[in-house]
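The lines below spell out each chain.
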Amino acid sequence: DSGVTQTPKHLITATGQRVTLRCSPRSGDLSVYWYQQSLDQGLQFLIQYYNGEERAKGNILERFSAQQFPDLHSELNLSSLELGDSALYFCASSGRGGAVRDTQYFGPGTRLTVL
Amino acid sequence: TQLLEQSPQFLSIQEGENLTVYCNSSSVFSSLQWYRQEPGEGPVLLVTVVTGGEVKKLKRLTFQFGDARKDSSLHITAAQPGDTGLYLCAGAGGTSYGKLTFGQGTILTVHP
């Protein structure tokens, strides 16, 4: 158990819908990262938050957004969903402000299926 | 754009055999992490290497970080069926501040 929790475990929805994925980091970790894992693209970095503020952005679509709340949990919002958004979405957390040598610990993921 | 090339993509071996997985890049990383992932679960950290030339051992697993911090390898001695899974290398640092750049992964199957 990494200490990172994600809900829900599975999510099935239809195209055009909007969903919210939730992540609680390890106790004491200030940084939260979101990743998408698909069969053809592997694990891709989406976005990083540190203590409530956006720190880095990857190949995140404009239809996707995220935020980190004062209690440090984070939510990833996916809207206008398309079939190609079906994937595993992982949250990871680290301490010390996300410095480059920080180890990231991953949650169990949310499997999103868009029908 | 930083890329990590991981090879081989698939590895199917018999119990007791040795194997090596490689992770190569043209970019320098400040650290490199190896993860193992089971189907439907999140990646689980195996090791982080941060110093060029560093070697770390975890039971039958040996991890090495290249001198120039551009490449890494994972060597498993006397593989067991319990080693079966997806192995991922991930680099941090350089131009990818904060985020991890992942290799495509190696699917290892160890047959009894």
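Parameters and conventions
- Residues numbered from 1 in each chain as written.
- Chains lettered and ligands numbered in written order.
- Predicted model: local features only at pLDDT ≥ 70, side-chain atom pairs only at ≥ 80, totals over all residues.
- Heavy atoms only, no water.
- Helix = DSSP H or I, 4+ residues; strand = E, 2+ residues; numbered from the N terminus.
- Rg over C-alpha atoms; globule rule 2.2 N^0.38 Å.
- Contact = heavy atoms within 4.5 Å.
- Areas by Shrake-Rupley, 256 points an atom, 1.4 Å probe, with all protein chains shown as cover.
- Lys, Arg positive; Asp, Glu negative; His and termini not counted.
- Charge placed at Lys NZ, Arg CZ, Asp CG, Glu CD.
- Pairing = 2+ DSSP bridges.
- Axes fitted to C-alpha atoms, helices over the stretch in contact; angles between N-to-C directions.
- Buried < 20%, exposed > 50% of the residue type's maximum accessible area, 1.4 Å probe, protein only.
- Salt bridge = Lys/Arg side-chain N within 4 Å of Asp/Glu carboxyl O.
- Phe/Tyr/Trp six-rings, centres within 6.5 Å; stacked < 30°, edge-to-face > 60°.
- Polar contact = N/O pair within 3.5 Å; in protein donor to acceptor, adjacent residues only side chain to side chain.
- Nonpolar A, V, L, I, M, F, W, Y, C, P; charged D, E, K, R; others polar.

Some remarks on the overall build of chain A
Part 1: Across its full length, chain A holds zero helices and 11 strands.
Part 2: For chain A, whose C-alpha radius of gyration is 13 Å, the value lies close to the compact-globule estimate of 13 Å for 115 residues.
Part 3: The principal-axis extent of the C-alpha atoms belonging to chain A is close to 40 × 30 × 30 Å.
Part 4: Taking the contacts inside chain A whose residues are at least 6 apart along the sequence as the reference set, 55% of them involve residues at least 24 apart.
Part 5: For chain A, the accessible surface area stands at approximately 5400 Å², while carbon and sulfur atoms represent 47% of it.
Part 6: Seen as two clouds, the 10 positive and the 11 negative side-chain charges of chain A have centres 4 Å apart.

Comments concerning the sheet that holds strand β3 (residues 19-24) of chain A
All names here are of chain A.
Part 1: Reading across the sheet, the four strands line up as β1-β3-β8-β7 and stay open at both edges, with antiparallel pairing between neighbours. Each edge of the open sheet is held by one strand with a lone partner, namely β1 (5-7) and β7 (64-68). Neighbour-to-neighbour, the strand axes of the sheet open up by a mean angle of 15°, direction not taken into account.
Part 2: Note that β3 and strand β8 (residues 74-78) share five bridges and pair antiparallel. In the strand pairing of β8, Leu21 is matched with Leu76.

Some details on the pairing of strand β2 (residues 10-13) of chain A
Residue and element names in this part refer to chain A.
Part 1: Of the two faces of β2, the one lined by Leu11 and Thr13 is fully buried and the one lined by His10 and Ile12 carries no buried residue.
Part 2: With four bridges joining them, β2 and strand β11 (residues 110-114) adopt parallel strand pairing. Each residue of the ladder has a partner; that of Leu11, found in β11, is Leu112.

Describing the pattern of salt bridges
A side chain with one charge may pair with a side chain of the opposite charge, provided their charged atoms come close.
All names here are of chain A.
Part 1: Overall, the coordinates contain six salt bridges over all chains when judged by the stated rule.
Part 2: Across the salt bridge formed by Arg26 and Asp29, the nearest N and O atoms sit 2.8 Å from each other.
Part 3: Asp85 is paired through a salt bridge with Arg63; the nearest N and O atoms lie 2.8 Å apart. Of this pair, Asp85 sits in the loop between β8 and β9 (87-94) while Arg63 is found in the loop between β6 (53-57) and β7, placing the two residues 22 residues apart along the sequence. Of the two residues examined, Asp85 and Arg63, each falls in the buried class.

Brief notes about the packing of aromatic side chains
Part 1: Applying the stated rule across the entire model yields nine aromatic pairs over all chains.
Part 2: Look at Tyr35(A) and Phe102(B): their rings are 5.7 Å apart centre to centre, the planes differ by 90°, and that puts the pair in the edge-to-face class. Taken together, the positions of Tyr35(A) in strand β4 (residues 31-38) and Phe102(B) in strand β10 (residues 96-102) put the pair across two chains. In terms of burial, Tyr35(A) and Phe102(B) fall into one category: buried.
Part 3: Look at Phe64(A) and Tyr89(A): their rings are 6.4 Å apart centre to centre, the planes differ by 70°, and that puts the pair in the edge-to-face class. Here Tyr89(A) lies in strand β9 and Phe64(A) lies in strand β7, a separation of 25 residues in the sequence.
Part 4: By relative accessible area, which is 6% here, Phe64(A) ends up buried.
Part 5: Under the relative-accessibility criterion, Tyr89(A) is labelled buried at 0%.
Part 6: Put simply, the rings of Tyr35(A), Phe45(A), Phe90(A), Phe106(A), Tyr35(B) and Phe102(B) pair up and form one aromatic cluster.

Some words on the interface of chain A and chain B
Size of an interface: often given as the accessible area lost when the parts come together.
Part 1: Contacts between the two partners involve 26 residues from chain A and, on the opposite side, 22 residues from chain B.
Part 2: Counting the contacts that link chain A with chain B gives five residue pairs in polar contact (both at pLDDT 80 or more).
Part 3: Only β4, β5 (42-50), β6 and β10 (105-106) of chain A provide two or more residues apiece to the side of chain A that touches chain B.
Part 4: Ranked by the residues each element gives to the side of chain A that touches chain B, the list is headed by β5(A), at four residues.
Part 5: Here the residues of the side of chain A that touches chain B sort into 11 nonpolar, nine polar and six charged.

As for the environment of Arg18(A)
Part 1: Within the secondary structure layout, Arg18(A) lies in the loop between β2 and β3.
Part 2: Residues within four places of Arg18(A) in sequence aside, it is in contact with Asn77(A), Leu78(A) and Ser79(A).

Considering the side chain of Asp83(B)
Part 1: Within the element layout of this structure, Asp83(B) appears in the loop between β8 (71-76) and β9 (85-93).
Part 2: Not counting residues up to four positions away in its chain, the partners in contact with Asp83(B) are Arg36(B), Arg60(B), Ile76(B), Leu108(B) and Val110(B).

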